[in-house]
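Now for the letters of each chain:
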Amino acid sequence: MPYSPGDANKGASLFKTRCAQCHTLGAGEGNKVGPNLHGLFGRKTGQVEGFSYTSANVNKGVTWGEETLFEYLENPKKYIPGTKMAFAGLKKEKDRNDLITHLKDATK
């Protein structure tokens, strides 16, 4: 099942509880354990300046968008074998839709 718009408020809550410990969203905010996600949509994997990615992430060559994120967020280690992202993923399609809907606005 592909991405479909979700609830941005629920996505914001998911980000806060599942993602914010490792990622920031705003322009000019620093990287944490994971890269800053500002400008995520339309960017290729492994491209945030100043963040040390694995070669697996850099070489994946995927451009982030709704569909690629929908697949990635289900199981990051399956989507990019060799990534250092420790997050197990969001198995529920609704949760992924909500999070992506939030990220689309929050990372502009």
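Residues numbered from 1 in each chain as written. Predicted model: local features only at pLDDT ≥ 70, side-chain atom pairs only at ≥ 80, totals over all residues. Heavy atoms only, no water.

- Identification of the chain as Putative cytochrome C from Mycena sanguinolenta is taken from an unreviewed UniProt entry.
- According to the UniProt record, the Sequence similarities (unreviewed entry) comment for the chain reads "Belongs to the cytochrome c family."
- The Function (unreviewed entry) comment attached to the chain in UniProt states, word for word, "Electron carrier protein. The oxidized form of the cytochrome c heme group can accept an electron from the heme group of the cytochrome c1 subunit of cytochrome reductase. Cytochrome c then transfers this electron to the cytochrome oxidase complex, the final protein carrier in the mitochondrial electron-transport chain." (UniProt positions renumbered as here; feature names shortened; annotations may be inferred.)

Quick notes on the nonpolar core
- One finds Phe 15, Trp 64, Tyr 72, Leu 99 and Leu 103 to be the most contacted residues of the largest nonpolar core, which totals 21 residues.
- Looking at this core, the elements with two or more residues in it are helix H1 (8-19), helix H3 (66-72) and helix H5 (93-106).
- Beyond its immediate chain neighbours, meaning those up to four positions away, Trp 64 contacts Leu 40, Phe 41, Gly 42, Arg 43, Lys 44, Thr 45, Leu 69, Tyr 72, Tyr 79 and Ile 80. (Core = buried A, V, L, I, M, F, W, Y, C linked by side-chain atoms within 4.5 Å. Buried < 20%, exposed > 50% of the residue type's maximum accessible area, 1.4 Å probe, protein only. Helix = DSSP H or I, 4+ residues; strand = E, 2+ residues; numbered from the N terminus. Contact = heavy atoms within 4.5 Å.)

Focus: H5
- Between its first and last C-alpha, H5 extends 20 Å over 14 residues, near the 20 Å set by a 1.5 Å rise per residue.
- Listed in full, the buried residues belonging to H5 are Arg 96, Asn 97, Asp 98, Leu 99, Ile 100, Thr 101, His 102 and Leu 103.
- Buried residues along H5 sit in contact with H1 and H3. (Expected span 1.5 Å × (residues − 1).)

Re the state of the cysteines
- A complete count under the given rule lists zero disulfides for this structure.
- For Cys 19, which is in no disulfide, the shortest distance to another cysteine sulfur is to Cys 22 and amounts to 8.6 Å.
- Taking the relative accessible area as the measure of exposure, Cys 19 reaches 12% and is therefore buried. (Disulfide = S-S within 2.5 Å.)

What to know about the UniProt feature "domain: Cytochrome c" (unreviewed entry) in the chain
- Mapped onto this numbering, the UniProt entry annotates "domain: Cytochrome c" (unreviewed entry) at residues 6-107.
- This span, residues 6-107, is 42% helix and 0% strand, and a straight line between its end C-alpha atoms measures 16 Å.

Describing the side chain of Thr 54
- Position of Thr 54 relative to the elements: it lies in the loop between H1 and helix H2 (55-60).
- A distance of 3.4 Å separates a polar side-chain atom of Thr 54 from the backbone oxygen of Gly 82.
- Once residues lying within four places of it in the same chain are set aside, the contact partners of Thr 54 are Gly 82, Thr 83 and Lys 84. (Polar contact = N/O pair within 3.5 Å; in protein donor to acceptor, adjacent residues only side chain to side chain.)

A few points about the packing of aromatic side chains
- Counted according to the given criterion, the structure contains four aromatic pairs.
- Geometrically, the ring pair formed by Tyr 72 and Tyr 79 is edge-to-face, given 5.8 Å between the ring centres and 75 degrees between the ring planes.
- Tyr 79 sits in the buried class, given a relative accessible area of 11%.
- Among the aromatic residues, those joined into a ring-pair cluster are Trp 64, Tyr 72 and Tyr 79.
- The side chain of Arg 96 reaches across the aromatic face of Phe 70, ending 4.1 Å from its centre. (Phe/Tyr/Trp six-rings, centres within 6.5 Å; stacked < 30°, edge-to-face > 60°. Lys NZ or Arg CZ within 6 Å of the ring centre and 35° of its normal.)

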